[in-house]
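# Structural overview
Here is what each chain is made of, one letter per residue.
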Amino acid sequence: MSQSGYLPYCEQSPSYASLAYLGFDTHQKEWQRTIMTHPFNHKLSVFLPFCAVDQARNFFQDVQPEKYYKVQLSLASLLEPAFFTKYIHSDTHQLILHTADAQLETDDVVVLDDQGDLVFSLLKPTYQMFGLTTTQNRQDKLHQKYLLKVNLRELKPNSKMFMRLQQGLMSAFPQPIKMVAMYMDKETGETAEVIWPKDAETTEIPMELSYSFLGGINIPTFEQLSCNPGGNADLKVWQQDALNAIEWVGLANIRAKRILTLDTPQSFVSLYRSPTPVIESQQGVLIQVQGLLPPGFIRNVLVTVCKLMQNRSIRRWVSVSAWGYRDSPCTWGNMQHYYHLNGENDYTFLILPPAGQEQISMVAYCMLGSDHVQ
């Protein structure tokens, strides 16, 4: 179905990508900002080239995802005094929630992010019943949606705003809604138990890393990326090499046949060739996990990879990729998000081993939509 079918009067909106060369030590603020401003992630993938499954399991034995909740509850119950005080206003833990089984373009979507912002992306009938007001931007008008934000951590129980929000939730959301949730320590990222309101139906969902062996593949060395690009001419060459590398990583993440050594398709089927130099008939391990993945866990995975490189347990490059929920109303530091206009909501770090005495470096690639570029 073409875009003109569901948005007949919409101008074509471009998408953009952020491509950067970062040092693990010298640019900690930059790469951590990328991870920590992307609050809702549903999938993480790590590719370890020239590695066996048992070796990969040993590398990540101390880095394990924990659990999240699938919960069905009334939104007004979040403001019950005991629950609100213990879980929303906690000084040591944070609760995050994301609507499940809802389409951002056609349904009401609600999230509670790690900053305490309760964010609503509402259809017009729901907005009219809600009682709070907002100003629509251009994309809101195109989608006939209304975005509202209320910071619950700044909200005082029994205040005027608290009562208005409670009444709005009861009016606009009289029925329980399905959500995914996690309650975690702000410092360590460890999950903790939640005693949910009485009307809530909850299921604990454990998460675990899966390990897949990829054999007989052509693995590029990416050695041309391990130096900081210089002048304009060198920069353009480096940028194209970096994009080719990210493309190869994407093919590895989906186990595409195009990276197999024995794959020789006809030219009318595919003209793809792996970036050179390449080492043929090699093996690697693809580590993946799906669920509700907090930014702190992804940061721990990246730090673990870099520590393994520092002690020479890993001597080749490694990729770390994360995918956000496509129906999140906000992403990248609370920038507004719409799926059909800027649905890309993911990022990849291609981590490169140190050359000589130099530090570990990485190519950071973030997909952005047109609304994310100021």
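These notes cover the structure that comes with them. A quick note: this is a predicted structure, and the numbers were derived from the prediction, not measured.

### Side note on the overall build of the protein
Per the secondary structure count, the protein includes ten helices and 16 strands. A compact globule built from 374 residues would reach a C-alpha radius of gyration of about 21 Å, and the protein, at 23 Å, matches this within 12%. By principal-axis analysis of the C-alpha atoms, the protein measures approximately 65 × 50 × 35 Å. Counting the 374 residues in the protein, one finds 52% classified as buried. Taking the contacts inside the protein whose residues are at least 6 apart along the sequence as the reference set, 78% of them involve residues at least 24 apart. Summing over all exposed atoms, the protein offers an accessible surface of approximately 18200 Å²; the carbon and sulfur share of this is 49%. In the protein, which carries 30 positive and 36 negative side-chain charges, the distance between the mean positions of the two groups comes to 2 Å.

### Quick notes on the nonpolar core
Counting residues in hydrophobic clusters, the biggest one holds 57 residues, and the most contacted among them are Leu48, Phe60 and Ile351. It is helix α9 (residues 295–310) that contributes the most residues to this core, eight residues altogether. One finds Leu118, Val150, Leu152 and Met179 within the second-largest nonpolar core, a separate group that totals 39 residues.

### Some points on helix α4 (residues 81–88)
Within α4, burial applies to Phe83, Phe84, Tyr87 and Ile88. Relative to the axis of α4, the buried residues are bounded by an arc of 100° and lie together on one face. Turned more than 90 degrees off the buried face of α4, the exposed positions are Pro81 and Ala82. Taken together, the buried residues of α4 touch β4 (93–99), β5 (109–112), α7 (160–172) and β8 (177–185).

### Some remarks on the environment of leucine 214
With respect to the helices, strands and loops of the structure, leucine 214 is situated in strand β10 (residues 210–220). With relative accessibility at 7%, the residue leucine 214 sits in the buried group. In sequence terms leucine 214 and histidine 42 are 172 residues apart; their C-alpha atoms lie 23 Å from each other. Every residue in contact with leucine 214, bar those within four places of it in the chain, is listed here: Phe47, Ala252, Arg255, Gln282, Gln283, Gly284 and Leu286.

### A word on the pairing of β5
The alternating pattern of β5 places Val109 and Val111 on one face and Val110 and Leu112 on the opposite face, and all of these are buried. Taken together, the two bridges between β4 and β5 define a ladder with antiparallel strand orientation. Bridged to histidine 98 within β5 is valine 111. One ladder, built from four bridges, connects β5 with strand β6 (residues 117–123); its direction is antiparallel. Within β6, the residue paired with leucine 112 across the bridge is leucine 118. Here β5 folds back onto β6, and the loop between the two strands holds four residues, one of which, glycine 116, carries a positive phi near 90°.

### So, unusual backbone geometry
Residue proline 277 is reached from threonine 276 by a cis peptide bond, and omega for that bond is -5°. Within the secondary structure, proline 277 is located in the loop between α8 (232–253) and β11 (278–293). Not every positive phi belongs to a glycine, and phenylalanine 50 is a case in point at roughly 55°. Residue position: phenylalanine 50 is located in the loop between β2 (41–49) and α3 (53–59). A positive phi angle, close to 70°, is found at asparagine 158, a residue other than glycine.

### What about the packing of aromatic side chains?
For the structure shown, the criterion picks out 17 aromatic pairs. With centroids separated by 5.4 Å and ring planes inclined at 15°, the aromatic side chains of phenylalanine 24 and tryptophan 31 adopt a geometry described as stacked. The exposure classification of phenylalanine 24 matches that of tryptophan 31, with both residues buried. Of the aromatic side chains, those joined through ring pairs into one cluster are Tyr69, Phe83, Tyr87, Tyr183 and Trp196. Its end group placed over the ring of tryptophan 323, lysine 43 keeps NZ or CZ at 5.1 Å from the ring centre. Cation over ring: arginine 316 sits above phenylalanine 50, and NZ or CZ is 4.7 Å from the ring centre.

### Examining the sheet that holds β10
The strand order across the open sheet built from seven strands is β1-β16-β15-β12-β2-β11-β10, with neighbouring strands paired in antiparallel fashion. Across the chains shown, the open sheet's two edge strands, defined by having one partner strand only, are β1 (16–23) and β10. Within the sheet, the average angular offset between the axes of one strand and its neighbour, ignoring direction, is 20°. Across nine bridges, β10 lies against β11 in antiparallel orientation. Of the residues in β11, the one forming a bridge with proline 220 is valine 278. On the sheet, helix α2 (residues 28–36) packs against β1, β15 (346–352) and β16 (361–368) and is oriented at approximately 145° with respect to β15. Here α9 sits on the sheet and contacts β2, β11, β12 (318–324), β15 and β16; the angle it forms with β15, its principal contact strand, is near 15°.

### Some details on the state of the cysteines
Under the counting rule described, the total for this entry stands at zero disulfides. With no disulfide of its own, cysteine 306 lies 15 Å from the sulfur of cysteine 366, the closest cysteine sulfur. Cysteine 330 takes part in no disulfide bond, and the closest cysteine sulfur to it belongs to cysteine 366, at a distance of 17 Å.

Cut-off values and rules
- Residues numbered from 1 in each chain as written.
- Predicted model: local features only at pLDDT ≥ 70, side-chain atom pairs only at ≥ 80, totals over all residues.
- Heavy atoms only, no water.
- Helix = DSSP H or I, 4+ residues; strand = E, 2+ residues; numbered from the N terminus.
- Rg over C-alpha atoms; globule rule 2.2 N^0.38 Å.
- Buried < 20%, exposed > 50% of the residue type's maximum accessible area, 1.4 Å probe, protein only.
- Contact = heavy atoms within 4.5 Å.
- Areas by Shrake-Rupley, 256 points an atom, 1.4 Å probe, with all protein chains shown as cover.
- Lys, Arg positive; Asp, Glu negative; His and termini not counted.
- Charge placed at Lys NZ, Arg CZ, Asp CG, Glu CD.
- Core = buried A, V, L, I, M, F, W, Y, C linked by side-chain atoms within 4.5 Å.
- Arc of directions from axis to C-beta.
- Pairing = 2+ DSSP bridges.
- Phe/Tyr/Trp six-rings, centres within 6.5 Å; stacked < 30°, edge-to-face > 60°.
- Lys NZ or Arg CZ within 6 Å of the ring centre and 35° of its normal.
- Axes fitted to C-alpha atoms, helices over the stretch in contact; angles between N-to-C directions.
- Disulfide = S-S within 2.5 Å.

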